[in-house]
Number of protein chains: 2
Amino acid sequence: MSPRRIDPKLTTALLEAAASLVAEEGVAGLTTRRLAAAVGTSTTAVYTHFGGMDNLVRAMVHEGFARLHRRMSTVRATADAVADIMALGTAYRANALDHPQLYQVMFGSAALGGFAITDGDRQHGRYTLQPLVEAVARATEQGRFRPGDPLLVAQTMWIALHGLVSLELGGYLTDPYDADVCFEAQLCSLMVGAGDDHEAACLSSRRARRRRSAHA
Amino acid sequence: MSPRRIDPKLTTALLEAAASLVAEEGVAGLTTRRLAAAVGTSTTAVYTHFGGMDNLVRAMVHEGFARLHRRMSTVRATADAVADIMALGTAYRANALDHPQLYQVMFGSAALGGFAITDGDRQHGRYTLQPLVEAVARATEQGRFRPGDPLLVAQTMWIALHGLVSLELGGYLTDPYDADVCFEAQLCSLMVGAGDDHEAACLSSRRARRRRSAHA
DNA sequence: CACGTTACGTAACGGTGTTACTCAATCAAC
DNA sequence: GTTGATTGAGTAACACCGTTACGTAACGTG
């Protein structure tokens, strides 16, 4: 009654090989044949393990969201909640720059590559905002931000941050102001937009930058 | 010495057919064979007219930027420069929603679909910001914004707006706050972030909304 | 040990972008 | 008006893609 079991090692091997293929040449470089060759198996393995390329990409996206969540969770809360928010933004951007191709698959509205990402997959990445929402709530309690729903404020910040990362990865932020300058300007604008004082925001920005260099 | 000339009608016919193919089914639906069939020609025509699919997509992107620029240029300057900026943002978003697939090709860092967009193509879309830069300069002169480089401020706004549109098209803005709510919140946050008073920004927002409904 | 179940390899199908090769249509020159 | 060079566009092929029907061999159970 119990037949040959699926090999979990092969599943993870496929995922890892797919990740490095995508990391090296983007989604366009991810093909069943090259994937099978990299793992030393056959193309049908992709179907027994995932049921097609779409699901494999979906699994990669889940892994990407998990990694992003892990990275955002490493940011510790301090007395300066605004600086915490900036540190979270820095972590978000750093994760995207470390895995640019994966980020584009996660948020590139994957219709482009032909791969389908379901609504469920998108919702799966929603809890990633949790640390940001909490930091915004703390900044609001501390009187740095105007009263308002922390979720909406956090979502506004996430949207702007995604715009920055997306355009940076696309190579659009080079002209007179490079991505670093735009990032700092964006963070400051977001804090002031949420209600913080401009000078206080600049001060928190310096604090967050110091924290970042201390990490390195 | 003078041979058979290229047919300009076929060039535009190819572009139009490609545009409607992309509009209907995304970049994935744009193939040489289907394109040739739609125009009633052969696949080689794509190569004599454009030199490959990449260049055809590039031409479509140029057209997309031109259309975006045209649409942004229809926004007239009024006494309320902040309301003008919001109207520009509305025009930007409306254009993206009218041509979602094209927008994704323009800014989706087209490496995803396998098509290549050069740095020159990206710079080509830079002048689109011009109307926004001017409106920001006027808002700064009027004392609504903190003193600063209008280009950097405009670029910050563009980045955030792109983030909103990108996530909206990707279907990420549904949960508790839909895209409309996020858009209004984003605009208000941007104005306040640039230095405007919060209540003044809300007032200008209402003014811009009235202007929009007057257009319809 | 034998059986049933199922993962995996082989090979094929229909699709893709791209390109030699060919032909026919055009315009310049006389 | 005829000729001839030039070149756009059609045919067919190549290599590649995702996917799948089929066969086989390996496994867990009885």
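Scoring rules and cut-offs
- Residues numbered from 1 in each chain as written.
- Chains lettered and ligands numbered in written order.
- Predicted model: local features only at pLDDT ≥ 70, side-chain atom pairs only at ≥ 80, totals over all residues.
- Heavy atoms only, no water.
- Contact = heavy atoms within 4.5 Å.
- Buried area = accessible area lost by both parts, 1.4 Å probe.
- Salt bridge = Lys/Arg side-chain N within 4 Å of Asp/Glu carboxyl O.
- Polar contact = N/O pair within 3.5 Å; in protein donor to acceptor, adjacent residues only side chain to side chain.
- Helix = DSSP H or I, 4+ residues; strand = E, 2+ residues; numbered from the N terminus.
- Axes fitted to C-alpha atoms, helices over the stretch in contact; angles between N-to-C directions.
- Parallel < 35°, antiparallel > 145°, perpendicular 65-115°, else oblique.
- Left-handed = near helix turned anticlockwise from the far one by under 90°.
- Nonpolar A, V, L, I, M, F, W, Y, C, P; charged D, E, K, R; others polar.
- Domains from an automatic or database assignment.

### Some thoughts on the interface of chain B and chain A
Stage number 1. Taken together, the contact between chain B and chain A spans 47 residues of the former and 47 residues of the latter.
Stage number 2. Overall, the association of chain B and chain A removes approximately 4,300 Å² of surface from exposure, summing both partners, and the carbon and sulfur fraction of that is 60%.
Stage number 3. Linking chain B with chain A are zero salt bridges, by the criterion used here.
Stage number 4. Our count for the chain B to chain A interface comes out at 10 residue pairs in polar contact (both at pLDDT 80 or more).
Stage number 5. Those elements that place two or more of their residues in the side of chain B that touches chain A are helix 6 (100-107), helix 7 (119-124), helix 9 (150-170) and helix 10 (179-194) of chain B.
Stage number 6. Counting residues per element, the side of chain B that touches chain A draws most heavily on helix 9 of chain B, at 14 residues.

### Focus: the packing of helix 6 (residues 100-107) of chain A against helix 9 (residues 150-170) of chain A
Residues and elements named next belong to chain A.
Stage number 1. Across the interface, helix 6 lies against helix 9 with an axial gap of 11 Å and an inter-helix angle of 125 degrees. By the angle between their axes, helix 6 is oblique relative to helix 9. Seen from above, helix 6 lies across helix 9 with left-handed handedness. Contacts between helix 6 and helix 9 pair Pro100, Tyr103, Gln104 and Phe107 from the former with Trp158, His162, Val165 and Leu169 from the latter.
Stage number 2. Looking at the contact of helix 6 with helix 9 residue by residue, the class counts come to six nonpolar, two polar and no charged.

### Details of the domain arrangement of chain A
Residue and element names in this part refer to chain A.
Stage number 1. Domains assigned within chain A are domain 1 (1-51) and domain 2 (61-215).
Stage number 2. Using only C-alpha atoms to locate each centre, domain 1 and domain 2 end up separated by 32 Å.
Stage number 3. Tallying the contact residues gives five residues for domain 1 and four residues for domain 2.
Stage number 4. Together domain 1 and domain 2 conceal approximately 350 Å² of surface at their shared face, both sides included; 81% is due to carbon and sulfur atoms.
Stage number 5. Taken together, the connections running from domain 1 to domain 2 amount to zero salt bridges.
Stage number 6. In terms of residue class, the side of domain 1 that touches domain 2 is made up of three nonpolar, one polar and one charged.

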